[in-house]
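Below are the chains, spelled out letter by letter.
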Amino acid sequence: MNFIIQTINLLVTVAIVFSMAVLYFRGRSSLSTKIFIACEGMIAVWCASQILIELSPNDTVMAVCFSIGDMIVTFVGLHWLWFALLTANRKINRKIIGLTAIPPMFHFFSILTNPLHHKYYKYLSLNHVKHDFLFKTNFVTIYIYVVLGAITLYHGVSNHQSEGIVQQRKARFLIVLAVLIPTIISLINLLSLMPVPYDTNSIGFAIGVFFVYRATFKYQFLDLERQLQITNEKLLLETERNRIAQQVHDTAGHTLTMIQSYMKLAENSVENNNKEEALDYIQGARKLTTKGIRELRESINMLRTESQYALITQGVMHLANQVKDLHVEVTVKGEDSEKYSHLTKIVYDIVRESITNSLKHSEAKKLDIILTFKDSSILLMIVDDGVGCESVTESQGIYGIRERVEKSKGTVRFVTAPNQGFLTRVELPI
């Protein structure tokens, strides 16, 4: 049985290292991803330490391996809590970092200095291991952090039932299980609730690794942060569309109701042979109609701008085809798809503003729009052959472009010189 446990430890270690590599090379490069990789790395080190403990030739080597494993595990709960807070978009300031790091640091140094006080291990040898109260306080702290992190992570998802949100909820549920199951098995071992003569923590970690793989490859746990951003932006767009639709409904309803009222009054005036009054009511109805048409046109234009184009290239081509005063050429590199659709509005607004600026200031005859769709970003370049300028002035239009890009965590650069045209370069992460 001991051979089986050690074999499981070895397999879990290899599986975790592979998972770390996948997360590193395929996952989004973010702080939360790096912290999760660190959690996995700590568990891999602990599993490796258990293998080395069984291979230890003497008490000294065994004590070193045991201490290294426990010192590493001390920080697992802390990193898991930080990961959960970041993934759930909770703010982590220096005060939170400092306060949550105090207990793990204390227990880390208590293990390191155990030979001086023996308050973590009473005895530590090949034949006998006995823990003292600091061992118990350490694992109580870890369990608290794990539970808090699990609650934070799972409840950090919106209750909205869109496909993206449902995917996130399933992925996070699996990740929570991947953490809670090993924790429960560890607690059972610690409290000796089941008479098993072997350390079964490795079995719990094996189950946890399975759930991590399932969340990673089936529900795109690798892209949780990106998916959350995309979903949130789509929810904001949906909210705005509903607002505009409501505005259209209210405008049309009010206008038609008032026109109906005026026409009824005009009809009554005609029946009473009051021609002047009837004309006044008809004139009022005409003004209401003009005003209502104008308000409806404004609302519908807003709705079209934000929701008509499912793909970025559709919106850009529509803008390009509207321009008559200069030649606009659109070049698309890569393949546009729905995974970029949450950026349709910002690209539309940037291109529209750039076209407006060229028409107003550049005296250009040609405008080139180059869209490059990459795996993790969109590169947009807009360049005209106009008069250019000495330096870029942060006018309302330029400032609006920069503000939109920075809100999307992208980068923007404006390049110009006298008689050298004007270049706008924007890169937006997806």
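Predicted model, so just to flag it, every value in this text is computed and none were measured.

Structural notes on the overall build of the protein
Inference 1: Broken down by element type, the protein carries 14 helices and seven strands.
Inference 2: Expressed as a percentage of its 430 residues, the buried residues of the protein come to 44%.
Inference 3: For the protein, the proportion of contacts with a sequence separation of at least 24, taken over those separated by at least 6, is 70%.
Inference 4: Roughly 23,900 Å² of accessible area belongs to the protein as shown, and the carbon and sulfur atoms make up 60% of that amount.

A look at a nonpolar patch on the surface
Inference 1: Taken together, Val45, Val64 and Ile68 make up a surface patch of nonpolar side chains, about 220 Å² in accessible area.
Inference 2: Secondary-structure assignment places isoleucine 68 in helix α3 (residues 59-73).
Inference 3: The class of isoleucine 68 is partly exposed, set by a relative accessible area of 38%.

Digging into the sheet that holds strand β4 (residues 366-373)
Inference 1: Taken together, five strands build an open sheet; the order of strands is β3-β4-β5-β7-β6 and the sheet is mixed. The strands lining the two open edges of the sheet, one partner per strand, are β3 (327-333) and β6 (411-416). Averaged over neighbouring strand pairs, the angle between their axes works out to 10 degrees when direction is ignored.
Inference 2: Pairing analysis gives seven bridges linking β3 to β4, with the strands arranged parallel.

Examining the packing of helix α2 (residues 31-55) against α3
Inference 1: Contact geometry of α2 with α3 gives a least axis separation of 9 Å together with a crossing angle of 160 degrees. As the angle between them shows, α2 and α3 are arranged roughly antiparallel. Handedness of the crossing formed by α2 with α3: left-handed. Contacts from Met42, Val45, Trp46, Ser49, Leu52 and Ile53 in α2 reach Met62, Cys65, Phe66, Ile68, Gly69, Asp70, Ile72 and Val73 in α3.
Inference 2: For the contact of α2 with α3, the class distribution of residues is eleven nonpolar, two polar and one charged.

Focus on the nonpolar core
Nonpolar side chains in soluble globular proteins tend to be buried together.
Inference 1: Counting residues in hydrophobic clusters, the biggest one holds 50 residues, and the most contacted among them are Phe36, Trp80, Tyr120, Phe139, Leu153 and Ile175.
Inference 2: Counting only elements with at least two residues in this core, the list comes to α1 (2-26), α2, α3, α4 (76-87), α5 (94-112), α7 (133-154), α8 (163-191) and α9 (201-218).
Inference 3: Counting residues per element, this core draws most heavily on α2, at ten residues.
Inference 4: Tryptophan 80 has contacts with Phe36, Cys39, Tyr145, Val146, Gly149, Ala150, Leu153, Ile175 and Val179, leaving out every residue within four places of it along the chain.
Inference 5: If you look at the next biggest cluster of nonpolar residues, it comprises 32 residues, including Val323, Val347, Leu380 and Ile430.

Points about helix α12 (residues 312-322)
Inference 1: Residues of α12 that are buried include every one of Ile312, Thr313, Gly315, Val316, Leu319 and Ala320, and no others. Looking straight down α12, one finds that the buried residues subtend no more than 165 degrees of arc, so they occupy a single side.
Inference 2: Each element contacted by the buried residues of α12 is listed here: β3, α13 (344-362), β4 and β5 (377-384).

Some words on the side chain of serine 362
Inference 1: By secondary structure assignment, the location of serine 362 is in helix α13.
Inference 2: Reaching out from serine 362, the side chain makes a polar contact with the backbone nitrogen of alanine 364 at a distance of 3.0 Å.

Observations regarding the pattern of salt bridges
Where charged atoms from two side chains of opposite charge come close, those side chains can pair.
Inference 1: Per the stated rule, a full pass over the model turns up seven salt bridges.
Inference 2: The partner of lysine 366 in a salt bridge is glutamate 329, with the nearest N and O atoms 3.6 Å apart. On the criterion of sequence distance, the pair formed by lysine 366 in strand β4 and glutamate 329 in strand β3 is long-range, its members being 37 residues apart.
Inference 3: Lysine 366 sits in the partly exposed class, given a relative accessible area of 31%.
Inference 4: Between arginine 404 and aspartate 349 there is a salt bridge; the shortest N-O distance is 3.7 Å. Of this pair, arginine 404 sits in helix α14 (residues 396-407) while aspartate 349 sits in helix α13, and the two are 55 residues apart along the sequence.
Inference 5: For arginine 404, a relative accessible area of 28% translates into the label partly exposed.

Parameters at a glance
Residues numbered from 1 in each chain as written. Predicted model: local features only at pLDDT ≥ 70, side-chain atom pairs only at ≥ 80, totals over all residues. Heavy atoms only, no water. Helix = DSSP H or I, 4+ residues; strand = E, 2+ residues; numbered from the N terminus. Buried < 20%, exposed > 50% of the residue type's maximum accessible area, 1.4 Å probe, protein only. Contact = heavy atoms within 4.5 Å. Areas by Shrake-Rupley, 256 points an atom, 1.4 Å probe, with all protein chains shown as cover. Patch = residues over 30% accessible without salt bridge, like charges linked within 9 Å, V, L, I, M, F, W, Y side chains within 5 Å. Salt bridge = Lys/Arg side-chain N within 4 Å of Asp/Glu carboxyl O. Pairing = 2+ DSSP bridges. Axes fitted to C-alpha atoms, helices over the stretch in contact; angles between N-to-C directions. Parallel < 35°, antiparallel > 145°, perpendicular 65-115°, else oblique. Left-handed = near helix turned anticlockwise from the far one by under 90°. Nonpolar A, V, L, I, M, F, W, Y, C, P; charged D, E, K, R; others polar. Core = buried A, V, L, I, M, F, W, Y, C linked by side-chain atoms within 4.5 Å. Arc of directions from axis to C-beta. Polar contact = N/O pair within 3.5 Å; in protein donor to acceptor, adjacent residues only side chain to side chain.

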